[in-house]
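# Summary of the model geometry
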Amino acid sequence: MIRDITLGQYYPGNSWIHKLDARIKIIWTFVYIISLFIIQDFWGYIIIVANLVLIIGISGVPLKFIMKGLKPIFFIILFTFTINMFMTKGTPLFHIWFLTITKEGLYNAIFMGIRLVLLIIGSSMLTLATKPINLTDGIEKLLSPWQKFGLPSHELAMMMTIALRFIPTLLEETDKIMKAQMARGADFESGNIINRAKSLIPLLVPLFISAFRIAQDLAMAMEARCYRGGHNRTRMNEMKLHRRDAVAVFFMLVFLGLVIVQAQGLFTMIPGLM
Amino acid sequence: MPYESAALTDISFDIAKGEFVGIIGHTGSGKSTLIQHLNGLLKPKSGTILIDGTDITDKNITMRDIRRKIGLVFQYPEYQLFEETVHKDVSFGPLNLGLSQEETDQRVKEAIGLVGLDYSEISERSPFELSGGQKRRVAIAGVIAMKPDVLILDEPTAGLDPKAHADILSMVETVHQKEGNSIILVSHNMADIARLADKVLVMERGRLTISGTPSEVFAQADLLESFGLGLPPAAALMRELQAKGIPVSTDILTVEAAEEELYRLLAI
Amino acid sequence: MKNTKFLIQSAVIAAVYTALTLLLMPFSYGFLQIRVSEALTILPFFTPAAIPGLFVGCLLSNLLGPYGFADMVFGSAATLIAAMGSYMLKRIPIMVPLPPVLANGIVIGAMLYFVYGVQIPLYASILWVSAGELVACYGLGYPLLRYLKKYKNIFELH
């Protein structure tokens, strides 16, 4: 069971997208999401989809893989779609049972549904094409200007890095503890809420004890190597911006521009285009 | 602790009631995977596992029934301790099986005694304040208290010093004698296996390669070597002496037998 | 040494939170996952290292899991606020699970309404999420807190 969980969504590759600086990709994801909310009609989605297709194409991540990532969200998408379809007030189209589907409801459901799907695919491209460790470095770098205002960005980034390093270890520990307790008759799967809570104790207590034991050892090791926190600390691989990052920023601005223009309805003003 | 990713193929064996079986094989050979199949933690893609005539791969079998019959002690079992007191922790298994508090209390007392600890001294203490060796015994007691027909132990002496190692093994022997159950011992220690096992199973790359009595298995030294396995020290010594032209019997597994053979040879 | 210990404690809490979330994700339709993580929101009762720990854990869970950017930003923010609240309320154990119920209820309820565009009234969305959180935090988290109290010393920073 544990072996089926690949840590994170990262799909290894050497594409131009993969090589982009993590900070640029994070910012791009923000821009992408914001533009999804700027778009007001279906035509706007064309720009977004074109962008997304381009990115997916360059990254080389197989479509099948991306779709697999959608599976867990499927229910939420379905749920949102259904709620929107039945709950929006307006001119009725059909009646099913005691529920009414309105024209507005249908439009809303599809519009929001597409937005949701694009939101998730777009933001998953970030984690698909960026190694978790690069992501945490990127977040640290992006947050570091705020250190002057008291945000402990180095410490946060350090926590993320250490946590990342330990998650596989802890997953193994959890697996072992679960199996050991199951061999003693523990049942983690059935029962009501109260029972499930109780059944977690034989799992969580040994897990925390193991985890903190590891923490103690690590703290000693770091101290022994003169770790003193982020002050004046350098790194082995400094994050450098390359020309491709500038190219990416350019495209990002073009994309954003197009989105804003479209949303303002300015395209309709160009005769012959609509 | 590396987990075995080897799949298992073509495994078939029988264990008689009360038998003491040893499973040997280098890391990655599939030992852990195999024993997890035996108590239902893993399910085989094909094949059946019959325990006392009941097929545990059957869909209608409940986990409880399996756990009643098969007990599994993992490596470093002390990491599974979690309760406030030793008594409560050892009670965990029996209570999960649905036993009454009275019966559980009785079993807990027995089990703690069987593992060589003093019940009155230890039962109300927190398992976390015990020594490593004591913790391990408590953990094993937790499984013994479930009175399984088959007790599987995965390297119960891992990480222990020689004295503790010997103590744990003699404890396993005691349990075997007193409870009369079948024991499956997974171990890297050939001397222990040679001394205690009635039957030995050799795992290699997910397959069961040789099986037989310790004499039969350890007679195939070259084959074992190709699997990355050694011989019990006594047997290895005899083999080496033989190779040097000294006429000793190689059907020797234990230190005592080696001693006798050497005395015989030196005509003392 | 104390600072390093604090840092690592937080990292470990983050790792445990993420490990458990990732582990139980396949079993869930999005619901059980929320529940186990919610049980851990009582940790600030035991150590302030849980405040950044839970925050980072939530960040990482969303980074490594499939739920999307919005969840990461809003969910983590809500977790951080909740953890601070829980820490401040630690003198009154029964109140400790309350901040996550409120914070997540409001933030995630609002997120569902504004970001995901779910067409039920805002207050209904908030109530719905809060209800789920209530069950999870008090149903799972509170018993966990009561129980873990006996093992307080594992959280001590020597």
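Residues numbered from 1 in each chain as written. Chains lettered and ligands numbered in written order. Predicted model: local features only at pLDDT ≥ 70, side-chain atom pairs only at ≥ 80, totals over all residues.

## Thoughts on the overall build of chain A
Spelled out, the test is: The helix count covers DSSP runs of H or I at least four residues long, the strand count covers runs of E at least two residues long, and both are numbered beginning at the N terminus. Here a residue counts as buried when 20 or more other C-beta atoms sit within 10 Å of its C-beta, as exposed when there are 12 or fewer, and as partly exposed otherwise, the C-beta atoms being derived from the backbone. Two residues form a contact once the distance between their C-beta atoms, set from the backbone, is within 7 Å.
The helix and strand tally for chain A stands at 10 helices and two strands. Start at the N end of chain A and walk to the C end: the helices and strands fall as α-α-α-α-α-β-β-α-α-α-α-α. Here chain A, with 274 residues, has 34% of them falling under the buried criterion. Considering only intrachain contacts with a sequence separation of at least 6, the fraction spanning at least 24 residues in chain A is 72%.

## Thoughts on the interface of chain B and chain A
In many reports, interface size means the accessible area that the parts give up when they come together. Which entries qualify depends on this criterion: Three residue categories are used. Nonpolar comprises Ala, Val, Leu, Ile, Met, Phe, Trp, Tyr, Cys and Pro, charged comprises Asp, Glu, Lys and Arg, and polar comprises the others, including Gly.
Of the residues lining the interface, 18 residues belong to chain B; the matching set on chain A comes to 16 residues. The set of elements that each furnish at least two residues to the side of chain B that touches chain A consists of helix H2 (63-69), helix H3 (86-96) and helix H6 (132-144) of chain B. Looking at which element gives the most residues to the side of chain B that touches chain A, the answer is H3(B), with three residues. Taken together, the residues of the side of chain B that touches chain A sort by class into 11 nonpolar, five polar and two charged.

## Quick look at the nonpolar core
Applied cut-off: Joined through C-beta atoms within 7 Å, a set of buried Ala, Val, Leu, Ile, Met, Phe, Trp, Tyr and Cys residues constitutes a nonpolar core.
In terms of nonpolar packing, the biggest core is built from 175 residues, with Met159(A), Ala163(A), Val12(C), Ala15(C), Val16(C) and Leu54(C) touching the most fellow members. It is helix H8 (residues 153-183) of chain A that contributes the most residues to this core, 17 residues altogether. With sequence-adjacent residues up to four places away left out, Leu54(C) is seen in contact with Ile13(C), Tyr17(C), Leu40(C), Thr41(C), Leu43(C), Thr79(C) and Ala83(C).

## A closer look at the pairing of strand S8 (residues 207-212) of chain B
Residues and elements named next belong to chain B. Here is the rule we go by: Pairing between two strands requires that DSSP report at least two bridges joining them.
In this sheet, S8 lies alongside strand S7 (residues 199-204) in antiparallel orientation, the contact comprising five bridges. Looking across to S8, one finds that Val 202 is bridged to Ile 210. The hairpin turn running from S7 into S8, its antiparallel successor, is two residues long, and Arg 205 in that turn takes a positive phi close to 50 degrees.

## Observations concerning unusual backbone geometry
Residue and element names in this part refer to chain B. Although it is not a glycine, Lys 147 sits at a positive phi angle of roughly 45 degrees. Position of Lys 147 among the secondary structure elements: in the loop between H6 and strand S5 (150-154). Assessed through the 19 C-beta atoms surrounding it within 10 Å, Lys 147 is described here as partly exposed. Located in the positive-phi region is Arg 205, a residue other than glycine, with phi close to 50 degrees. Relative to the elements of secondary structure, Arg 205 occurs in the loop between S7 and S8.

Nothing here speaks to function; it is geometry throughout.
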